[in-house]
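Tertiary structure, described
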Amino acid sequence: MALKLENVSKTYTRNGLDVLALQEGSCSIEPGQFIAVCGPSGCGKSTLLQVSGGLMRPDAGTVTLDDQDIYALSADERAGFRGASLGFVFQQFHLVPYLNVLENVLVASLALPAKSPASQRDARDRGLALIDRFGLRDRAFHRAAQLSTGERQRVALARALLNEPRFILADEPTGNLDEANGEEVLRHLAECAEQGTGVLLVTHDARAAEVASRVVEMEAGSIRDEAMPWGVA
Amino acid sequence: MKLSHLVIQEISHRRLNFLMASLTIAVAVACAVGVVTLLRGYEIHTAAQVAALDDEIRKITKKMGFNVLILPRELNLAEFFADDFADQTMPETHVDLLAQSRDVMTIQHLRPALVRKIAWPEQNRDIIMMGVRGIVPFAHRKAKKPLADPVPPGKIDVGHLLARELDLAPSSSLTLLGESYEVNKVYPPRGNQDDITVWIDLAQAQQILGLEGQINMIQALECNCASIDRLAEIESEVSAVLGDQVQVIELATTAIARAQARTRVSEAGAATRNRVMRLAAMLIPMVIAGAVVIVGLLSLANVRQRRPEIGILRAVGLRSSQILRVFLAKAALVGVTGAVLGYVIGFGVAVAIQSQWSGDPTQQLGLAVLFIPVLLLTVLLLTPLLSVMAGWLPALSAAAQDPATILHEE
C-alpha cells in the first residue's frame, strides 16, 4: 500500500545549465503517515513532490504504488491514478477562478471514472461534507476571488480530499498563510493522517515538525535523513 | 459535476472571449448567408426581369409576324436570291387551295404575286413590276383586316424613288408599256427594291407578261407557330395541301431577330448571374477562411490564458482527452452561437437590402421565397464543424500541456 521512491534522480536544464534537483533519493510513505519534507529553497523538495505525484517523470529510479511503477503507465492512466489515489495541495491554491467554492471542490470528481463507486452520484454530498468540515458552508457559492487566503487553502484541501485519496501531497500549503491559518491547515492535514490518509508535506514551516510523524530533510537534491525529526537536534 | 458545467462556467466568466469568437464566426456566416440570400433574390428578380423583357420583346415583335415565301418547287434559290424574284411560275390556284384548306393553321395572311424585272420603255429604265391581288381570305376563318390592300385595275402603286424621280403623286397618271395608270399610292422610302417597284393588279400584270393564271410567289404573312422549328411546321402544312410542287423559305429576318433578341436577353441574364456567382464563390471561402484563422488565434489565446487552470485540472487527474473535450466543446458552442447569430443577421440584412432593390412593394420578395432551408441546415452543421476545426490545434496544445511545468511556472 506504500508510495515508494527508489533511487530517483532528476536534473533540470535552466538557462543552459544543468541543475541536479533530485539525486538518487529514496523514501516511502504509508497510508496514515504524515511526512514533512524540509529543506532550503531550491533543494529539490517540490521536485520530490511532483515526481512522487506522477507529475514529473524522473531521469532515473522508480516510483511505485502497490508495486505498480506509475511511470510505466501512459499519461492518461497516470492522470487517472492521480485522480483516484492522490490529492494535491499547492502554495498558490490553484483554484479555478470562474468556479465557486463547491464547484472548485467538485472539479476533482471529473477525474473519477463514471462508474467508480466514489463517482458523481455522491460527489456532491462528499463535497458539501468537506465544505462543512473546513468551515466553508456559508462560502459555498462564493468564487475564489471573494475568499481569504486561508479559506482558499481550505478549499484546495477539500478538493484534494474529495475523491478520498490514499495520499495527500502538499507543496508549501502554509507558505502564503498567516500563522493562525497555517496552523489550521496543518491541523487538518494531521487529521487526514489520523483518518488513514498518507500525507507528504513539503514545507519551510517549522511547525510541521510538531504535527508530522516523520521529517525528511533535503539538501542539494539529496534526502539526508529520514529518521531525525526536523528541528529536534 | 460534468465537463459541460466547466465549459459553461468558463464561457460565462470570459464572456468577451466567447463574444469575440462568436462574432467573428457570425460575421463570416452573415456574409455567406447574406450573399447567398441576396443572390437568390437577385436571381429571382433577374429571372422576373428577363421574363418580363422577353414578354415585352415578344409582344413588340409579334406584329412583325413570321413571314415566309411559297415558291415554285423547280425554282433555283441561288438565282432567286440574286434577282429577288422567281423566273419560274406556278398556278394562281395554289393560293386558293391554301385559302380553302382547313389544315393550314399557322399562316394568317396569303398574298399571291407575280414579280418581274421589266424595262420601262416610256421612262427608259428598268423597274420591278409586281402584280398583286391583295390578301386572299381564308374560307373557313373569320374575316381579318387585310395586311395589304389590292391595287384596283387601272391603278398603280409606286415606290418612293420612282415617285420622286418621276415627280409622281397620288392621282397623277403614268404610262407603262403602253397602258395608262392612275397613281393610287406612293410608298414612303423603304431602303430596298420596293423603292423602284410598281404594283398593279395581278390580272393586268399576268396579261402584260403573257402569264395568265400564273404567279411566282405567295407571301404567307404573320405565321404563328407553336414549335421551335417554325419553317418546317409551315412547310408541313403547305405540303399537305400542295404536295411537292412548292418550296417554302423565310421571307424576312425579323423573326430571327426576334428570337435572337429574346435569346440574348436570356443569355445576358444568365451571364450576369454567373458573374455574381463566381464573385461569391471566391468571396465566401475567403471570408470563412479568415474567420477560421481568427477563431483559431482566439482559441490559442484562450489556451494560453487558461494554462494555470489546465495545469490544475491535469494535476487533479483529468485526462488529456477531457481537456481536449473542454476546448472543443467551447469551439462548437462558439460555432453554434456564431451560426445562429450570423444567419439571423445575414438573412435580415439581405432581406432589407433586397427590399431596397425593388421600390415597388408588390414586387418585394417574401421571406418564404428568400429562405433557403438547405442553407440554414448547412450553416448550422458546417459552422460548428469549422469552428471545432479552427480550435482543434489550440485544443490539442492545451491537452498536451505538462502540468508540472505549468505549476512550476505559477
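In this text, all values refer to a predicted model and were calculated from it rather than measured experimentally. (Residues numbered from 1 in each chain as written. Chains lettered and ligands numbered in written order. Predicted model: local features only at pLDDT ≥ 70, side-chain atom pairs only at ≥ 80, totals over all residues. Heavy atoms only, no water.)

1. Describing the overall build of chain A
Rules: Secondary structure follows DSSP: runs of H or I at least 4 residues long count as helices, runs of E at least 2 residues long count as strands, and numbering of each begins at the N terminus. Based on C-alpha atoms, the radius of gyration is set beside the globule rule, defined as 2.2 Å times the residue count to the power 0.38. Burial classes follow relative accessibility: with a 1.4 Å probe on protein chains only, a residue under 20% of its type's maximum area counts as buried, one over 50% as exposed, and anything between as partly exposed. Throughout, a residue-residue contact means that at least one pair of heavy atoms, one from each residue, lies within 4.5 Å. Using the Shrake-Rupley algorithm and a 1.4 Å probe, accessible areas are obtained, with residue cover drawn only from the displayed protein chains. The sign given to each residue is positive for Lys and Arg and negative for Asp and Glu; His and the chain ends receive no count. Throughout, a charge is located at the NZ atom of Lys, the CZ atom of Arg, the CG atom of Asp or the CD atom of Glu.
Across its full length, chain A carries seven helices and ten strands. Relative to the 2.2 N^0.38 estimate, which gives 17 Å for 233 residues, the radius of gyration of chain A is 17 Å and therefore close to what a compact globule would have. Counting only C-alpha atoms, chain A reaches 45 × 40 × 35 Å along its principal axes. Buried residues in chain A amount to 56% of all 233 residues. When contacts within chain A are restricted to residue pairs at least 6 apart in sequence, long-range pairs at least 24 apart make up 70% of them. In the structure as shown, chain A presents an accessible area of about 9,600 Å², 48% of it carried by carbon and sulfur atoms. For chain A, the separation between the mean place of its 23 positive charges and that of its 31 negative charges on side chains is 7 Å.

2. Some details on the interface of chain B and chain A
Test applied: Note on terms: buried area is the combined drop in 1.4 Å-probe accessible area of two parts once they are placed together, counting the loss on both. Every case where a carboxyl oxygen of Asp or Glu lies within 4 Å of a side-chain nitrogen of Lys or Arg is listed as a salt bridge.
Contacts between chain B and chain A engage 28 residues on the former and 28 residues on the latter. For the pair chain B and chain A, the summed buried surface comes to about 2,400 Å²; carbon and sulfur atoms form 59% of the total. Here chain B is connected to chain A by one salt bridge. The salt bridge partner of Asp 76 of chain A is Arg 314 of chain B, with a shortest N-O separation of 3.8 Å.

3. Quick word on the nonpolar core
Note the cut-off: Buried residues of nine kinds, namely Ala, Val, Leu, Ile, Met, Phe, Trp, Tyr and Cys, make up a nonpolar core once their side-chain atoms join them within 4.5 Å.
Judged by nonpolar contacts, the single largest core of 121 residues is most densely connected at Leu 189 of chain A together with Leu 6 of chain B. The element best represented in this core is helix H10 (residues 320–357) of chain B, accounting for eleven residues. Those residues in contact with Leu 6 of chain B that lie beyond four places of it in its chain are Tyr 98, Leu 99, Val 107 and Leu 110 of chain A together with Met 1, Leu 313 and Val 326 of chain B.

4. With respect to a nonpolar patch on the surface
Residues and elements named next belong to chain B. Keep this limit in mind: Nonpolar side chains (Val, Leu, Ile, Met, Phe, Trp, Tyr) within 5 Å and like charges within 9 Å form the patches, drawn only from residues with over 30% relative accessible area and no salt bridge.
On the surface, a nonpolar cluster with roughly 690 Å² of combined accessible area is contributed by Leu 16, Leu 19, Met 20, Leu 23, Leu 341, Ile 345, Val 349 and Ile 353. At the level of secondary structure, the elements contributing two or more residues to the nonpolar patch comprise helix H2 (15–62) and H10. With respect to the helices and strands, Met 20 occurs in helix H2.

5. A word on a negative patch on the surface
Taken together, the side chains of Glu 79, Asp 83, Asp 84 and Asp 87 of chain B present a region of like negative charge at the surface. Structurally, Asp 83 of chain B is set in helix H3 (residues 77–83).

6. Notes on the pairing of strand S4 (residues 60–65) of chain A
Residues and elements named next belong to chain A. For the record, the criterion: Pairing between strands requires that DSSP locate at least two bridges from one strand to the other.
With five bridges joining them, strand S1 (residues 3–14) and S4 adopt antiparallel strand pairing. Across the sheet, Leu 5 pairs through a bridge with Val 63, a residue of S4. Pairing geometry for S4 and strand S5 (residues 68–69), over two bridges, is antiparallel. Bridge pairing in S5 links Thr 64 to Asp 69. Here S4 folds back onto S5, and the loop between the two strands holds two residues, one of which, Asp 66, carries a positive phi near 50°.

7. Digging into the sheet that holds S4 of chain A
Think of a sheet as strands paired side by side through backbone hydrogen bonds, with each pair either parallel or antiparallel. Residues and elements named next belong to chain A. Quick note on the threshold: Axis definition: a line fitted to C-alpha atoms, over the contacting stretch in the case of helices. Angles run 0 to 180 degrees between N-to-C directions.
As summarised here, the arrangement of the four strands in space is S2-S1-S4-S5, forming an open sheet in which the pairing is antiparallel. Two strands in the sheet have a free side with no partner beyond their single neighbour: strand S2 (17–29) and S5. Where S1 and S2 come together, nine bridges link them in antiparallel fashion. The residue bridging Leu 5 from the neighbouring strand is Cys 27, located in S2. Along the sheet face, helix H1 (residues 45–52) touches S1, S2 and S4 and points at about 125° away from the line of S1.

8. Quick notes on the packing of helix H5 (residues 149–161) of chain A against helix H6 (residues 179–194) of chain A
Residue and element names in this part refer to chain A. To be explicit about the condition: Orientation categories follow fixed angle ranges, with anything under 35 degrees roughly parallel, anything over 145 roughly antiparallel, 65 to 115 roughly perpendicular, and all other angles oblique. Crossing chirality is assigned from the near helix's rotation relative to the far helix, an anticlockwise turn below a right angle marking it left-handed and a clockwise turn marking it right-handed. Three classes are used: nonpolar for Ala, Val, Leu, Ile, Met, Phe, Trp, Tyr, Cys and Pro, charged for Asp, Glu, Lys and Arg, and polar for all others, with Gly counted as polar.
Direction vectors running N to C along H5 and H6 enclose 15°, while the axes themselves pass 10 Å from each other. With respect to H6, the axis of H5 lies roughly parallel. Judged by the sense of rotation from one axis to the other, the crossing of H5 with H6 is right-handed. Judged by residue contacts, Gly 150, Gln 153, Arg 154, Leu 157 and Leu 161 of H5 engage Asn 181, Glu 184, Val 185, His 188, Leu 189 and Cys 192 from H6. Among the residues forming the contact of H5 with H6, the class breakdown is five nonpolar, four polar and two charged.

9. As for the domain arrangement of chain B
Put simply, the rule reads: The start and end points of each domain follow an automatic or database-based domain assignment.
Annotation of chain B at the domain level lists domain 1 (3–58 + 260–409) and domain 2 (65–251). If you average the C-alpha positions of domain 1 of chain B and of domain 2 of chain B, the two centres end up 70 Å apart.

10. Some words on the side chain of Lys 45 of chain A
Following the sequence through the fold, Lys 45 of chain A ends up in helix H1. The charged side chain of Lys 45 of chain A is buried without a salt bridge, its nearest counter-charge being Glu 172 of chain A at 4.1 Å.

11. Observations regarding the pattern of salt bridges
The final tally for this structure, using the stated rule, is 20 salt bridges over all chains. Note that Lys 10 of chain A and Asp 59 of chain A form a salt bridge whose closest N and O atoms lie 3.8 Å from each other. With a gap of 49 residues between them, Lys 10 of chain A in strand S1 and Asp 59 of chain A in the loop between H1 and S4 connect regions that are remote in the sequence. Close ionic contact of Asp 132 of chain A with Arg 137 of chain A constitutes a salt bridge, the shortest N to O distance being 3.7 Å. What you see here is one network of salt bridges that share partners, running through Glu 10, Arg 14, Arg 306, Glu 309 and Lys 330 of chain B.

12. A word on the environment of Leu 333 of chain B
Residues and elements named next belong to chain B. Tracing the backbone shows Leu 333 in helix H10. Separated by 54 residues in the primary sequence, Leu 333 and Ser 387 place their C-alpha atoms 8.6 Å from one another. Beyond its immediate stretch of four places on either side in the chain, Leu 333 contacts Val 7, Ile 8, Ile 11 and Phe 18.

13. Thoughts on the packing of aromatic side chains
As a reminder of what qualifies: Aromatic rings from Phe, Tyr and Trp, taking only the six-membered ring of Trp, are treated as a pair when their centres fall within 6.5 Å; an angle between ring planes under 30 degrees marks them as stacked, one over 60 as edge-to-face, and anything in between as tilted.
With the rule as written, the count across this model stands at five aromatic pairs over all chains. Considering the side-chain rings of Phe 88 of chain A and Phe 90 of chain A, the 5.8 Å spacing of their centres and the 0° angle between planes classify their relative orientation as stacked. Accessibility classification places Phe 88 of chain A together with Phe 90 of chain A in one group, the buried group. Each ring, one from Phe 80 of chain B and one from Phe 81 of chain B, has its centre 5.6 Å from the other, and the planes form 65°; the classification is edge-to-face. Classification of Phe 80 of chain B by relative accessible area gives buried; the value is 4%. Three or more aromatic residues joined by ring pairs make a cluster, and in this case those are Tyr 343, Phe 347 and Phe 371 of chain B.

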